[in-house]
Amino acid sequence: AQTFKGVIINSTTKQAVSQITLVKEDNSFFTTTNDNGEVVLPNELLNKKLIIDDYEYVYSEKTFNTTENFTWELTPNSETLEEIVIYENASDFLLQIINNSIKSFSKNTKLESFYKENYIENNQVASFAEGIVDFYINNKIDMVAKQTRVKDIHPVEEFNRTVIGAPKELVENSMRFSILTDLIKDKKNYDILVTAKKVGEQTIHTCYINPKEKSKKRFLRKVNFTYNEEKKLILALDYVLDPEKKQYNTTINFIIAKLKVEDILFKSKYIASNNLYYPSYVKATRKAMINSKLAKLKNVTINNESYFYALRVDKTNELPKPERIYTRENLYGSGDIYNRDFWKDPEIINLSE
């Protein structure tokens, strides 16, 4: 009950602003809006200055002195038209952006996050696993699951859960950019286009990576990522399987099964402040068809998504004890381990997608 709610909207379109981060002035608290632009704030933030600093919108700050529901309108930054940018060697320069981003991620950092896995059948969530987890970011990434729960709404094929991927893998994909690096280097199958536009006081660059017209390689992707050229930091990344090239996505044959991948989506967004750089939101979706005589599966659809929102970032030299490090393939394997209804926490209650 000790909370108040609000929604962040675009002042021009009146549409909700999703996945944008509110930060307390002293950086001791931050939260990210959900798909509907909603946030729930603890009463302890009353009379404290909150800041939204995102390149797409004019810098904004507010101090709330009442627990009434609020609407926070953001003014979009003025934008110029995108102009094509010609680099002497675009691939080499983009790889510099990627490498600098990887090096710039805050080290000796503990990223407290809300993490969730949704298992979808018949176009609805049939089962999910969720939790509050800590990702320790150093030369490698370790994870500790502090609070977890599993809820089965409908029966789910067990194989459905085996392809979700480990939580740590989602973080690594958002911070290592291995797929992005591979596509930039694959000049045989991909074309690269870079554009720039003035957004407020910043110049924002966007790189578009698209399959070549004649390419017939399996699992060709359409990619775009936004970066700050001056700081050489990636600000957002988005890719999907190219819908026009899906006929080349042939079946993968395993010993006990055949898997046909129908779709892969990945989206990430980053906070780049003066002294911190980290992913604030990451989501991956996988859809496939599985057949297995041994497992008695025929045309079983696998449709899973996993995502996390960063809740808190702490600089620390602390490392988790080896016995606490989470090593299971997915969060579902953790089961119910919680001592409070963490999913009702103010900063979490609206984050279930």
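Since this is a predicted model, take the numbers as computed values, not measurements.

Asker: Describe the overall build of the protein, with residues and values.
Answerer: Within the protein one finds 3 helices and 19 strands. In terms of C-alpha radius of gyration, the protein reaches 21 Å, essentially the compact-globule figure of 20 Å for 353 residues. With the C-alpha coordinates aligned to their principal axes, the bounding extent of the protein is approximately 65 × 55 × 40 Å. Across the 353 residues of the protein, 51% fall into the buried class. The contacts in the protein between residues at least 6 apart in sequence include a share of 63% that link residues at least 24 apart. Side chains of the protein give 50 positive and 49 negative charges; the mean places of these two sets differ by 5 Å.

Asker: Tell me about the pairing of strand E12 (residues 190-199), and name the residues and values.
Answerer: Pairing of strand E8 (residues 83-85) with E12, which is carried by 3 bridges, proceeds in the antiparallel orientation. Residue glutamate 83 lies in a different strand from E12, and its bridge partner there is alanine 196. As paired elements, E12 and strand E13 (residues 202-211) share 10 bridges and run antiparallel to each other. Along E13, the bridge assignment pairs lysine 198 with threonine 203. Here E12 hands over to E13 after 2 residues, with glycine 200 in that stretch at a positive phi of 65°.

Asker: Account for the sheet that holds strand E4 (residues 38-42), with residues named and values stated.
Answerer: Taken in spatial order, the 3 strands line up as E4-E1-E7 in an open sheet, and their pairing is mixed. Sheet topology places E4 and strand E7 (70-74) at the edges, where each strand pairs with a single neighbour. The sheet shows a mean angle of 30° between the axes of neighbouring strands, direction not considered. Here 5 bridges tie strand E1 (residues 3-10) to E4, and the two strands are oriented antiparallel to one another. When the sheet's bridge partners are listed, lysine 5 is paired in E4 with valine 40.

Asker: Lay out the sheet that holds strand E5 (residues 49-52) in plain terms, naming residues and giving numbers.
Answerer: Taken in spatial order, the 4 strands of this open sheet run E3-E2-E5-E6, and their pairing is antiparallel. Every interior strand has two partners, whereas the edge strands, strand E3 (30-32) and strand E6 (60-63), have only one. In this sheet, neighbouring strand axes are inclined to one another by 20° on average, regardless of whether the strands run parallel or antiparallel. Summarising the sheet, E5 and E6 pair through 4 bridges and their orientation is antiparallel. Of the residues in E6, the one forming a bridge with lysine 49 is threonine 63.

Asker: Now, about the packing of aromatic side chains: what can you tell me, with residues and values included?
Answerer: Each aromatic ring pair is described using two quantities: the centre-to-centre distance and the angle formed by the ring planes. Scanning the entire structure with this criterion turns up 20 aromatic pairs. Centre to centre, the rings of tyrosine 87 and phenylalanine 93 are 4.5 Å apart; their planes meet at 25°, and the pair counts as stacked. A residue is classified by how much of its surface remains accessible, and tyrosine 87, at 17% relative accessible area, is buried. The exposure class of phenylalanine 93 is buried, given its relative accessible area of 16%. Here phenylalanine 105 and phenylalanine 177 contribute two aromatic rings whose centre-to-centre distance is 6.0 Å and whose plane-to-plane angle is 25°, an arrangement assigned as stacked. Of the two residues, phenylalanine 105 is situated in the loop between helix H1 (90-104) and strand E9 (109-121) and phenylalanine 177 in the loop between helix H2 (167-176) and helix H3 (178-185); the sequence distance between them amounts to 72 residues.

Asker: Talk me through the side chain of glutamate 117; I want residue IDs and the actual numbers.
Answerer: Tracing the backbone shows glutamate 117 in strand E9. Under the relative-accessibility criterion, glutamate 117 is labelled buried at 0%. A distance of 3.1 Å separates a polar atom in the side chain of glutamate 117 from a polar atom in the side chain of tyrosine 115. A distance of 2.7 Å separates a polar side-chain atom of glutamate 117 from the backbone nitrogen of leucine 331. Look past the residues within four positions of glutamate 117 in its chain and what remains in contact with it is Ser127, Phe128, Ala129, Ile164, Gly165, Pro167, Glu305, Ser306, Asn330, Leu331 and Tyr332.

Asker: A description of H1 should follow, citing residues and the corresponding values.
Answerer: End to end, H1 covers 21 Å across 15 residues, agreeing with the expected 21 Å (1.5 Å per residue, within 8%). Along its buried surface, H1 packs onto H3, E12, E13, strand E14 (221-228), strand E15 (233-241) and strand E18 (277-292).

Conventions and cut-offs
Residues numbered from 1 in each chain as written. Predicted model: local features only at pLDDT ≥ 70, side-chain atom pairs only at ≥ 80, totals over all residues. Heavy atoms only, no water. Helix = DSSP H or I, 4+ residues; strand = E, 2+ residues; numbered from the N terminus. Rg over C-alpha atoms; globule rule 2.2 N^0.38 Å. Buried < 20%, exposed > 50% of the residue type's maximum accessible area, 1.4 Å probe, protein only. Contact = heavy atoms within 4.5 Å. Lys, Arg positive; Asp, Glu negative; His and termini not counted. Charge placed at Lys NZ, Arg CZ, Asp CG, Glu CD. Pairing = 2+ DSSP bridges. Axes fitted to C-alpha atoms, helices over the stretch in contact; angles between N-to-C directions. Phe/Tyr/Trp six-rings, centres within 6.5 Å; stacked < 30°, edge-to-face > 60°. Polar contact = N/O pair within 3.5 Å; in protein donor to acceptor, adjacent residues only side chain to side chain. Expected span 1.5 Å × (residues − 1).

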